[in-house]
Amino acid sequence: MIAELIQAYFDAFNRHDAEGMLATLSEDVVHDINEGGREVGKAAFRKFKAHMDACYREQIKDLVIMTNGNRSAAEFICEGEYLKADPTLPPARGQRYAIPAAAFFECADGKITRVTSYYNLKNWIAAVS
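Residues numbered from 1 in each chain as written. Predicted model: local features only at pLDDT ≥ 70, side-chain atom pairs only at ≥ 80, totals over all residues. Heavy atoms only, no water.

Undergrad: I'd like a rundown of the pattern of salt bridges, residues and numbers included.
TA: In the structure shown here, the tally under the stated rule is 8 salt bridges. Note that R38 and D32 form a salt bridge whose closest N and O atoms lie 2.6 Å from each other. Its relative accessible area of 56% is what places R38 among the exposed residues. Its relative accessible area of 14% is what places D32 among the buried residues. K49 serves as the salt-bridge partner of D53, at 2.8 Å between the closest nitrogen and oxygen. You can see D53 and its partner K49 sitting in helix α3 (residues 42–55), 4 residues apart, about one turn around the helix. Using a relative accessible area of 30% as the deciding quantity, one classes D53 as partly exposed. (Salt bridge = Lys/Arg side-chain N within 4 Å of Asp/Glu carboxyl O. Buried < 20%, exposed > 50% of the residue type's maximum accessible area, 1.4 Å probe, protein only. Helix = DSSP H or I, 4+ residues; strand = E, 2+ residues; numbered from the N terminus.)

Next comes the structure, spelled out in structure tokens:
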């Protein structure tokens, strides 16, 4: 069941369906942002996702989901287009990129309670520079 929940999260991501992603999350979801801070709650995740959708158009490819108990890991390729400059990052000119990435999840009561994302920011910067 956890693998299906994680698959539903990524399916919504690939449809650019923020509300569909939010439907997979617990109200007090913990979101650890790659090379960033920790945010808690659906409202914070909704704001993060709106920012990301304004700056990037991305698709998840070659997704592999692994589960163990209430935890799950996903490895994938993130293919995207850099649409709008994100503060502290290089200027956006519609650059395309494909980078390996991973996400780790904890789940309870049929919802995702933690999302932790990892990718190599230095490699992403090189891809768009």
